[in-house]
Amino acid sequence: MSLWLAIVLIVVALLAGAALGFFIARRYMMKYLQENPPVNEQMLTMMMAQMGQKPSQKKVNQMMSAMSKQQATAATKEKAKKKKK
């Protein structure tokens, strides 16, 4: 009987470790991406030029503000979800 108990405890510990690792890694990546956004003005200008558009500074600023607004909205929604729980 103790062999079954040992096997069950090992499986439960593995599952708990995997779940905990997933949530810790997710939280770390969300914080990292929030602090270091993956797209900056220079990259945006280069992408627009590759798509055949002539990137003016006004367009680049509009797109950057739209992207930052979207990130802020997503962050507030995430915080609201956490408060409900």
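It should be noted that the structure appears before, not after, this text.
Here, residues in each chain are numbered from 1, in the same order as that chain's written sequence. In keeping with the predicted nature of the model, local features appear solely for residues at pLDDT of at least 70, side-chain atom pairs appear and are counted solely at 80 or more, and the whole-chain, interface and lining totals rest on all residues. The side-chain quantities take in all heavy atoms of the structure and omit both hydrogens and water.

**What about a nonpolar patch on the surface?**
- To count toward a patch, a residue needs a relative accessible area above 30% and no salt bridge. Like charges then connect within 9 Å, nonpolar side chains (Val, Leu, Ile, Met, Phe, Trp, Tyr) within 5 Å. Per-residue accessibility takes into account occlusion by the displayed protein chains alone, with areas from the Shrake-Rupley method and a 1.4 Å probe. A pair is scored as a salt bridge if a Lys or Arg side-chain nitrogen falls within 4 Å of a carboxyl oxygen belonging to Asp or Glu. On the surface, a cluster of nonpolar side chains totalling about 560 Å² of accessible area is made up of Leu3, Trp4, Ile7, Val11 and Leu15.
- Secondary structure follows DSSP: runs of H or I at least 4 residues long count as helices, runs of E at least 2 residues long count as strands, and numbering of each begins at the N terminus. Considering the arrangement of structural elements, one finds Ile7 in helix 1 (residues 2-35).

**Notes on the packing of helix 2 (residues 41-50) against helix 3 (residues 57-84)**
- Whenever a helix is involved, its axis is fitted only over the stretch in contact; in every case the axis is a line through C-alpha atoms, and angles between N-to-C directions fall within 0 to 180 degrees. Direction vectors running N to C along helix 2 and helix 3 enclose 115 degrees, while the axes themselves pass 10 Å from each other. In this structure, the crossing between helix 2 and helix 3 has a hand that is right-handed. Taken together, the residues of helix 3 that come into contact with helix 2 (itself represented by Glu41, Leu44, Thr45 and Met48) are Gln57, Lys59, Val60, Asn61, Met63 and Met64.
- Looking at side-chain class alone, the contact of helix 2 with helix 3 contains five nonpolar, three polar and two charged residues. With the far helix as reference, a near helix turned anticlockwise by less than a right angle produces a left-handed crossing, and one turned clockwise produces a right-handed crossing. Here a residue-residue contact requires only that any non-hydrogen atoms of the pair lie within 4.5 Å. All amino acids are sorted into three groups, where Ala, Val, Leu, Ile, Met, Phe, Trp, Tyr, Cys and Pro are nonpolar, Asp, Glu, Lys and Arg are charged, and the leftover types, Gly among them, are polar.

**A short note on the environment of Val12**
- Looking at the element boundaries, Val12 is found in helix 1.
- Separated by 40 residues in the primary sequence, Val12 and Gly52 have C-alpha atoms spaced 55 Å apart.

**Describing helix 1**
- The span expected for a helix works out to 1.5 Å for each residue beyond the first. Here helix 1 spans 49 Å end to end across 34 residues, near enough to the 50 Å set by a 1.5 Å rise per residue.
- Between buried and exposed lies partly exposed: a residue is buried under 20% and exposed over 50% of the maximum accessible area for its type, with that area taken using a 1.4 Å probe on protein chains only. Little of helix 1 sits out of view: just zero of its 34 residues are buried.

**Remarks on a positive patch on the surface**
- Positive charges are assigned to Lys and Arg, negative charges to Asp and Glu, while His and the chain termini are left out of the count. For the purpose of locating charges, the reference atoms are NZ of Lys, CZ of Arg, CG of Asp and CD of Glu. Taken together, the side chains of Arg27, Lys31, Lys79, Lys82 and Lys83 make up a positively charged region of the molecular surface.
- Of all the secondary structure elements, the ones that give two or more residues to the positive patch are helix 1 and helix 3.
- In terms of residue count, the dominant contributor to the positive patch is helix 3 (three residues).
- In this structure, Lys83 sits in helix 3.

**Looking at the packing of aromatic side chains**
- To pair, rings of Phe, Tyr and Trp, with the six-membered ring standing in for Trp, must have centres within 6.5 Å; the planes then decide the type, stacked if under 30 degrees apart, edge-to-face if over 60, and tilted in the middle. Following the criterion strictly, the structure yields two aromatic pairs and no others.
- With a centroid separation of 6.5 Å and an interplanar angle of 20 degrees, the aromatic rings of Tyr28 and Tyr32 are classed as stacked. Here the residue Tyr28 and the residue Tyr32 both occupy positions in helix 1, the gap between them amounting to four residues, near one helical turn.
- Accessibility expressed as a relative area gives 54% for Tyr28, which makes it exposed.

**Quick notes on the environment of Asn61**
- Take Asn61: it is sitting in helix 3.
- A relative accessible area of 37% means that Asn61 is categorised as partly exposed.
- Between the C-alpha atoms of Asn61 and Ala19, which are 42 residues apart in sequence, the distance is 40 Å.

Just geometry here; none of it tells us what the structure is for.
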